[in-house]
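Secondary and tertiary structure notes
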Amino acid sequence: MVDALGVAVIGFGWMGRVHTQAYARLPHHYPRLPLRPRLITVAEEVPGRAEEAAERFGFASATRDWREVAADPRVRAVSVTAPNFLHREIGVAMAEAGKHLWIEKPVGLTAGDARAVADAVATAGVQGAVGFNYRNAPAVESARELIASGEIGTVTHVRIRLFSDYAAHPDGALTWRYERERGGSGVLGDLASHGADLARFLLGDIAALTADTAIFVPERARPSGATAGHALASGGEPGPVENEDYVSCLLRFASGARGVLEACRASVGEQNNYGFEVHGTRGAVSWDFRRMNELRVSRGTTYQDQPVSTVYVGPGAGEFAAFQPGAANAMGYDDLKVIEAYRFVRSIAEGTPYGTTLADAVHSATVLDAMAESAESGRWVSL
Ligand SMILES: NC(=O)C1=CN([C@@H]2O[C@H](COP(=O)(O)OP(=O)(O)OC[C@H]3O[C@@H](n4cnc5c(N)ncnc54)[C@H](OP(=O)(O)O)[C@@H]3O)[C@@H](O)[C@H]2O)C=CC1
Ligand SMILES: O=C1CO[C@H](CO)[C@@H](O)[C@@H]1O
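Residues numbered from 1 in each chain as written. Chains lettered and ligands numbered in written order. Predicted model: local features only at pLDDT ≥ 70, side-chain atom pairs only at ≥ 80, totals over all residues. Heavy atoms only, no water.

**Considering the site of ligand 2**
Selection rule: We call a residue near a molecule or strand whenever a single non-hydrogen atom of that residue lies within 4 Å of it. Polar contacts, as used here, are pairs of N or O atoms within 3.5 Å; protein pairs need one atom able to donate a hydrogen and one able to accept it. Residues neighboring in sequence count only if both atoms are side-chain atoms. A run of H or I in DSSP counts as a helix once it spans at least four residues, and a run of E counts as a strand once it spans at least two, with each numbered from the N terminus. In this classification, Asp, Glu, Lys and Arg are treated as charged, Ala, Val, Leu, Ile, Met, Phe, Trp, Tyr, Cys and Pro as nonpolar, and every other residue, Gly included, as polar.
Close to ligand 2 lie Trp14, Lys105, Tyr134, Tyr166, Arg177, Asp190, Leu191, His194, His230, Asn272 and Tyr274. The side chain of histidine 194 places a nitrogen or oxygen atom 2.6 Å from an oxygen atom of ligand 2. Here the shell around ligand 2 takes 3 residues from helix 8 (residues 187-203), the largest share from any one element. Of the residues assigned to the shell around ligand 2, the class counts are 5 nonpolar, 3 polar and 3 charged.

The structure is reproduced here in structure tokens:
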């Protein structure tokens, strides 16, 4: 018996589209899920964009005012895919209205914002999921199991990197991402938030850190109209970039392991170069988002003679089997969002969290706040 789950999407740029497509694809990949999302309404402030989204993707209605979503009894679950400065206000309002919440990272501008949304979700007794999609990659789940099984021994150190060039082009538009008021931090919230989540997912809590940040592209052109994702602008008045393009961070884990996390949104020549290398006393495992379905693994104690092999993950790993019949049939980025949608909807169906929660967002945001504090003070910060 399959029941309908009325859903709404607030903010219809890049992530709004990806969440919508994930809801639509759920029955294809998870036919036994007892709830089937029904696209009820889309809220977007750019004139005409909500109507266009409704027309293209099949929402029953469209609005420019997200408050109408909170009041809509047809809607039981909401995706918040609007810019960061709206996460807290919209997230809290939706939870208070009794809506289950799937909200994008970093969940607000600060750890205080993430905590406010987490508290509202807990008080309302609704389910909450967060857009830390990289941990949904079956290969990342396999790496976590490999580490937890002790097969690579005691973890000694890890390197986590998130390098991209979406902010490297000098004509990249000065969107909300580059403003303190609407974006909050820069690459911290945009990319290092994922890195902080992966660090904890793989290796447990971070005990202390020290960080350094920099702005490499200090001015950008103001966009002349509506933008989505990482748009280019031409001819607009230049304005200042208010948040960091780059962060490097040394980590000490509660386990005693050491780590380096580095993220940059303006790395010329790097496109979505996201990944990690984890080293232990008896082996190592590494992952690269651009080869998302592979792990590089080394195991044993023959040291310099030890082979490093490529492992193609297959139907036994994470949610791989819901997408492809055999190893080395590639999954893609949008599939990670389908997995996120599945875990969110399953949480609602079973009344218990399954996958990322708002607590994960609070942990990640606390790490980001500590990085900002350390970059400012030049000191180590304990967590
Ligand atoms: N998990 C992941 O891998 C990713 C997560 N993200 C996260 O997703 C969120 C959205 O990012 P992205 O989709 O790239 O951003 P976009 O700028 O592409 O889309 C956001 C949309 O929300 C609109 N918006 C602004 N104010 C409102 C409002 N009051 N009501 C409704 N809509 C509004 C924006 O309009 P306008 O243009 O007028 O501002 C824009 O159309 C961010 O928090 C980001 O950090 C983003 C990319 C990847
Ligand atoms: O979460 C994210 C993942 O990568 C994107 C760029 O490629 C970011 O913009 C985004 O916020």
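**A closer look at the pattern of salt bridges**
Selection criterion: By convention in these notes, a salt bridge is any Lys or Arg side-chain nitrogen within 4 Å of a carboxyl oxygen on Asp or Glu. Partly exposed describes any residue whose relative accessible area lies between the buried limit of under 20% and the exposed limit of over 50%, with all areas from a 1.4 Å probe on protein chains only and scaled to the type maximum.
Tallied over the entire structure, the rule returns 27 salt bridges. The salt bridge partner of lysine 105 is aspartate 190, with a shortest N-O separation of 3.4 Å. Of this pair, lysine 105 sits in the loop between strand 5 (100-103) and helix 5 (111-124) while aspartate 190 sits in helix 8; the two residues are 85 residues apart in sequence, bridging distant segments of the chain. You'll find lysine 105 and aspartate 190 in the same group, each marked buried.

**Observations regarding the sheet that holds strand 16 (residues 309-312)**
Filter applied, for reference: Only strands joined by at least two bridges in the DSSP assignment are considered to pair. Residue contacts are counted whenever heavy atoms from the two residues lie within 4.5 Å of one another. Every axis corresponds to a line fitted to the C-alpha atoms, with the helix fit spanning only the stretch in contact, and the corresponding angles, defined between N-to-C directions, vary from 0 to 180 degrees.
Pairing is mixed across the open sheet formed by 9 strands, whose spatial order is 16-15-14-13-7-12-11-8-17. Here the strands that pair on one side only, and so sit at the sheet edges, are strand 16 and strand 17 (381-382). Bridge count between strand 7 (residues 155-163) and strand 13 (residues 273-280): 8 bridges; the pairing is antiparallel. Bridging across to strand 13, arginine 159 finds its partner in glutamate 277. Each of strand 8 (206-214), strand 11 (246-253), strand 12 (258-264) and strand 17 is contacted by helix 10 (residues 358-377), which is oriented at about 55° to strand 8, the strand it contacts most.

**Thoughts on the packing of helix 1 (residues 14-29) against helix 9 (residues 333-350)**
Two quantities define a packed helix pair, namely the angle between the axes and the distance from one axis to the other. Basically, it comes down to this: To sort the angles, those under 35 degrees are grouped as roughly parallel, those over 145 as roughly antiparallel, those from 65 to 115 as roughly perpendicular, and the leftovers as oblique. For any pair of crossing helices, the crossing counts as left-handed if the nearer helix is rotated counterclockwise from the farther one by less than a right angle, and right-handed if it is rotated clockwise.
Relative orientation of the contacting elements helix 1 and helix 9 amounts to 70°, with a least axis distance of 8 Å. One finds that helix 1 runs roughly perpendicular with respect to helix 9. Viewed along their axes, helix 1 and helix 9 form a crossing whose handedness is right-handed. Where helix 1 approaches helix 9, its residues Trp14, Met15, Arg17, Val18, His19, Gln21, Ala22, Tyr23, Arg25, Leu26 and His29 are matched on the opposing element by Tyr333, Asp334, Asp335, Lys337, Val338, Ala341, Tyr342, Phe344 and Val345. Its residues placed into classes, the contact of helix 1 with helix 9 shows 12 nonpolar, 3 polar and 5 charged.

**Quick look at the nonpolar core**
Operational definition: To qualify as a nonpolar core, a set must consist of buried Ala, Val, Leu, Ile, Met, Phe, Trp, Tyr and Cys residues joined through side-chain atoms within 4.5 Å.
Of all hydrophobic cores here, the largest spans 93 residues; its most connected members are Leu202, Val278, Val285, Trp287 and Met371. At 10 residues, the largest contribution of residues to this core is made by helix 8. The contacts of valine 285, once residues within four sequence positions are left out, are Ala143, Leu146, Ile147, Ile152, Phe276, Glu277, Val278, Leu295, Arg296 and Val297. Counting 32 residues, the second-largest nonpolar core is a separate cluster that includes Trp66, Val78, Met94 and Ala95.

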